[in-house]
Amino acid sequence: MADDALVIFTPSGKRGRFAHGTPILTAARQLGVDLDSVCGGRGICSKCQVSPGVGEFPKHGVTVSPEALSAWNSVEQRYKDKRGMLDGRRLGCQAQVMGDVVVDVPPESQLHRQVVRKAASARVVEMDPATRLYFVEVAEPDMHEPSGDLERLANALREQWEIPRVEAGPTILRKLQPVLRKGKFQITVALYRDHTGISRILDVWPGLYEGALCGIAFDLGSTTIAAHLSDLRDGSVIASGGIMNPQIRFGEDLMSRVSYSMMNPGGDIEMTKAVREAINTLSLNVAEEAGIDPLAIMETVIVCNPVMHHLFMGIDPVELGQAPFALATSSSLSLPASEVDLTAINPEARLYILPCIAGHVGADAAAVALSEAPQLSEDLVLIVDVGTNAEILLGNKTRVLACSSPTGPAFEGAQISSGQRAAPGAIEHLEIDPETKEPRFKVIGCDIWSNEDGFAEATASTGVTGICGSGIIEAVAEMRMAGLVDPAGLIGGPEQTGTPRSRAAGRTHEYLVYDGSAQNGPVITVTQGDIRAIQLAKAALYAGARLLMDEFGTETVDRVVLAGAFGAHISPKHAMVLGMIPDCPLENVTSAGNAAGTGARLALCNVAARAGVEKQVGQIHKVETAIEPKFQQHFVNASAIPNAVEGFPHLLKVVHLPDVSHNTAGSESGTRRRRKR
Ligand code: FES
C-alpha cells in the first residue's frame, strides 16, 4: 500500500499527494488552497473546518473510504461539545490524510471568501483585508537569554506565521506585558499588513480572541458623510449610517468653503476640526447600532473629493481654489487614524485614503473607478456619480477619462424650496397626469401612491414633509412632460397650463404638489427657483459628460451608469427627460448605487484593490472643466429641458405649451426642437 494519498480540494480543484498522517490544513497550505486558520492549527479557532466526502467521485477518478481521514479526535470532540459543529465537518488541522480523499472547503472557511455585492452589477468582492488575527504562543522570558516581550512576540509571528518583521506603537507596548501574562503567553494579535509592506500590530488579547474585528468605509461628501461598518472577516456590512457634513455652515459648496478658508485666517482649521468630530460621532453611531465596542474598529478607508480631502487632512485647500489646482499630494495615504484625530476607534487603527486623480477629481472618483471598472468595459460607458460635485468617468478598454462638475447641492434636495434629505415622509416619486395635470406621489417609508386608498393612514406617522433629491428630479421632468414648463424651464400660469395648481408666486409661477395646511402640514410646491436650481445642476452634469465625449471623440455612449448616494433612486427615464445625461437607449441606463462608497468598501476589504486603484488612477486621463471654454458652451446649451429630444420623443407626451419663455433662442435644443416641428 502506498504510504501517501491523493488529496483533492473542492471547489478549487487543487490536488496533490501527501504522506499519510499529513494534516489537511498542512496539505491545503502546501497546495495554496484557501483554508482559514487563526490559531495556527492548535484546534481552538475552528476556522479550518472542512467537509470530507465519502464514496465514489467519478469526476475526480477516486473512491474515498470512510477511513480516508484519521479518526475523529478528542480536540474536535471538545470543540464540538463547547461550541457546536455541523455533522460531517472536521477540523482541518486535526484530520490527517490516511487515504485518497476529496475535501470540500465551505465558504465560511475560506480565507479569501468572495462576497457578492447586492448591486445591479453584482461585483464579486474577494476578502483579503489588511488586518487579520493571528494566534501565537510566545516564548516565556528567560534570564539566561534576555530579550523583550515584543521581540519574542515578533519571533513567534516569524516562526509560526512566517511574518518577517513587525512594528508596534506605545499603546501596544503598554498592553503587551499584562496581556501576555494573562494569556499564559498565548495571545491573539491583530496585525495590519498592507500592500506597501507595513506590518504593524494594532491590538493584542490574551488567549484566543473571538470578538469583533471591523473597519469603516467612509464616503465623505460635501453635504453628507456616509459610513459602512464592515466585518473584516467576512466583508459583511453590519451597520450603515450617515450624518450631515458640519462644514456646510462654512459654505454649501466646495468653492465657498475654499473661499471661507481664504477670507478667514484659521478657517481651514475650524473646518478640519468640524469634519473630524463628525467622523468620530458617526463612528460611534454605527458601532452602537452594530452593538460592537468601537475599539474593535481597526481600519478606516475614506473617499472624498480633493477639497474635502485637504480639509480632512488639515491641509489648507487654498491652492485648489485657483488654477492650476495643485494638490498637496495626489497619492494614496496610509497612516495611523489617530494622526488625524480619529480617536473614537481603536487607538492603533489605520486610515487609508484612496489616491486623487487630479485637482478637481478626487479619491471619490477613484473609488467610483475602482467599483465600476470602466477600464474593463468592452462598450463605451459613461459613469456619473451624482452629488454636490458630480464625478464623471467615460471610457472603455482603450482609455478612461474623468472630470468633475460643480452641480451644487440641488440634486440632494438642498436649495430647493420644499427640499429635504431622503428621510421618511419625503416625496421620492412623483407623476403628473398629462391631461388633468394632477400629481400623485409616493413618500419614503410608504409604498402606496398618494391617490390610492390607505395613503393617509399609511403616512400618518411620517406625514408628507418635503421633496428629496430623486423626487425633485422626477417632479421637474414630469412637469415638463405634462406641459407645465416649457423648454426654457419657465413654469406656465393657470391660463397657459389649464390647471389652478400652476399659480402665481411673485412675478413667476409655482406648481402646487401637496397642500397639507388643513392638517397643519406643509404646502409643497415646485417654484421657478427650484426649476432654475435643477437646470443649473443638470446643465453642469451634462456639460461635464459632453466635454468628456468631445475629448474621447464620440457623439454617443453605449451605456450610462448613474451612481451616487441617491444614484440608485434616480429614475433613468426622468434623468433623460431632464437632459441630465446624454441620449442613450433607456434600457442601457442603470444604477450602481453608491459607487464611491462601494469603492471604499472594496479598498477596505481587499489590499490588492488598493494597489489596483493606485495603478488605475495613474492611467486615467483627467479633463479640467474649470478652464475648458467648451464646458461653458455645453453648459449654456444644456440648460433647456431637455437638451436633446431626438433620442426619446416618446417620453415627451405633451410638449405643445404656449411659449411663456423669452430666451430659448440661445438654446441649441430649443432651436432644434422648433426646427423639428
Ligand atoms: S486551525 Fe484553528 S482549529 Fe484548526
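Summary of the structure given here. Throughout, a residue's number is its position along its own chain's written sequence, starting from 1. The predicted nature of this model means local features are confined to residues of pLDDT at least 70 and side-chain atom pairs, given and counted, to a pLDDT of 80 or more, with totals for whole chains, interfaces and linings taken over all residues. Side-chain metrics in this entry use all non-hydrogen atoms of the structure; hydrogen atoms and water are not considered.

## Quick notes on the overall build of the protein chain
Move 1: Numbering of helices and strands starts at the N terminus; helices are DSSP runs of H or I of at least 4 residues and strands are runs of E of at least 2. The helix and strand tally for the protein chain stands at 17 helices and 31 strands.
Move 2: Two residues qualify as a contact provided that any one of their heavy atoms is within 4.5 Å of a heavy atom in the partner residue. A separation of at least 24 residues holds for 66% of the contacts in the protein chain among residues at least 6 apart in sequence.
Move 3: Accessible surface computed for the protein chain: about 27400 Å², of which carbon and sulfur atoms make up 52%.
Move 4: This count recognises Lys and Arg as positive and Asp and Glu as negative, with His and chain-terminal groups excluded. For this purpose, a charge sits on NZ of Lys, CZ of Arg, CG of Asp or CD of Glu. Taken as two groups, the 61 positive and 78 negative side-chain charges of the protein chain have centres that lie 1 Å from each other. Calculation of accessible area relied on Shrake-Rupley with a 1.4 Å probe; when residues are assessed, cover is drawn exclusively from the protein chains displayed.

## Description of the packing of helix α8 (residues 363-372) against helix α15 (residues 607-619)
Move 1: Axes here mean lines fitted to C-alpha atoms, for a helix over just the part in contact, with angles spanning 0 to 180 degrees between N-to-C directions. Where α8 meets α15, the axes come as close as 10 Å, and the angle between the chain directions of the two elements is 110 degrees. The orientation of α8 relative to α15 falls into the category roughly perpendicular. The way α8 lies across α15 gives a crossing that is right-handed. Counting all contacts with α8, which are made through Ala366, Ala369 and Leu370, the residues of α15 involved are Ala609, Val613, Gln616 and Val617.
Move 2: Charged means Asp, Glu, Lys or Arg here, nonpolar means Ala, Val, Leu, Ile, Met, Phe, Trp, Tyr, Cys or Pro, and polar covers whatever is left, Gly included. For the contact of α8 with α15, the residue count by class is six nonpolar, one polar and no charged. Just so you know how the angles are binned, under 35 degrees is roughly parallel, over 145 roughly antiparallel, 65 to 115 roughly perpendicular, and the rest oblique. Put simply, a crossing is left-handed when the front helix is turned counterclockwise from the back one by less than a right angle, and right-handed when it is turned clockwise.

## Considering the pairing of strand β27 (residues 508-515)
Move 1: In short, DSSP must find at least two bridges between two strands for them to pair. Both strand β26 (residues 502-505) and β27 contribute to a ladder of four bridges, which runs antiparallel. Within the sheet, the bridge partner assigned to alanine 504 lies in β27 and is histidine 509.
Move 2: In textbook terms, the turn of a hairpin is the stretch between consecutive antiparallel strands, and for β26 and β27 this stretch comprises two residues, one of which, glycine 506, has a positive phi near 65 degrees.
Move 3: Pairing between β27 and strand β28 (residues 523-527): five bridges, direction antiparallel.

## Let's talk about the packing of aromatic side chains
Move 1: Aromatic rings from Phe, Tyr and Trp, with only the six-membered ring used for Trp, were paired whenever their centres fell within 6.5 Å, and each pair was classed as stacked if the ring planes differed by under 30 degrees, edge-to-face if by over 60, and tilted otherwise. Counting across every chain of the model gives six aromatic pairs.
Move 2: Ring centres of phenylalanine 441 and phenylalanine 455 lie 5.7 Å apart, and the angle between their planes is 85 degrees; this geometry places the pair in the edge-to-face category. Taken as a pair, phenylalanine 441 in strand β24 (residues 439-443) and phenylalanine 455 in helix α9 (residues 455-458) lie far apart in primary sequence, 14 residues in all.
Move 3: Burial classes follow relative accessibility: with a 1.4 Å probe on protein chains only, a residue under 20% of its type's maximum area counts as buried, one over 50% as exposed, and anything between as partly exposed. Judged by relative accessible area, phenylalanine 441 falls into the buried class, the value being 4%.
Move 4: Looking at phenylalanine 455, the relative accessible area reads 7%, which means it is buried.
Move 5: Members of the aromatic cluster, each reached through a chain of ring pairs, are Phe441, Phe455 and Tyr514.
Move 6: Counting as a charge over the ring demands two things of the Lys NZ or Arg CZ atom: a distance within 6 Å of the ring centre and an angle within 35 degrees of the ring normal. The ring of phenylalanine 312 carries arginine 276 above its face, with NZ or CZ at 5.8 Å from the centroid.
Move 7: Lying across the ring of phenylalanine 552, arginine 399 places its NZ or CZ 4.7 Å from the centre.

## Quick notes on the layout of surface pockets
Move 1: Quantified by volume, the second largest pocket comes out at close to 680 Å³.
Move 2: Of the grid points, spaced at 1 Å and generated over the protein atoms alone, those admitting a 1.4 Å probe that cannot get out make up cavities, while open sets with protein on both sides within 12 Å along at least five of seven lines make up pockets; any residue with an atom within 4 Å of a point is treated as lining. Lining the second largest pocket are 27 residues, and of these Asp36, Ser37, Leu111, Arg132 and Trp161 sit closest to its centre.
Move 3: Sorting elements by how many residues they give to the lining of the second largest pocket places strand β10 (residues 131-137) first, with four residues.
Move 4: Along the lines of polarity and charge, the residues of the lining of the second largest pocket split into 11 nonpolar, four polar and 12 charged. Grid points are joined across faces, edges and corners, and a volume is the space filled by probe spheres set on the points.

## Side note on the pattern of salt bridges
Move 1: The term salt bridge refers to a side-chain nitrogen of Lys or Arg lying within 4 Å of a carboxyl oxygen of Asp or Glu. Across all of its chains, the model carries 26 salt bridges by this definition.
Move 2: Notably, a salt bridge pairs arginine 132 with aspartate 128, separated by 2.8 Å at the nearest N-O pair.
Move 3: The exposure class of arginine 132 is buried, given its relative accessible area of 17%.
Move 4: Of the charged contacts in the structure, one is a salt bridge between glutamate 299 and arginine 610, with a shortest N-O distance of 2.8 Å. Here glutamate 299 is found in strand β17 (residues 297-304), whereas its partner arginine 610 is found in helix α15, with 311 residues between them in sequence.
Move 5: Since its relative accessible area comes to 1%, glutamate 299 is described here as buried.
Move 6: By relative accessible area, arginine 610 is classed as buried at 0%.
Move 7: When salt bridges that share partners are traced, they join Arg165, Glu167, Arg200 and Glu348 into one network.

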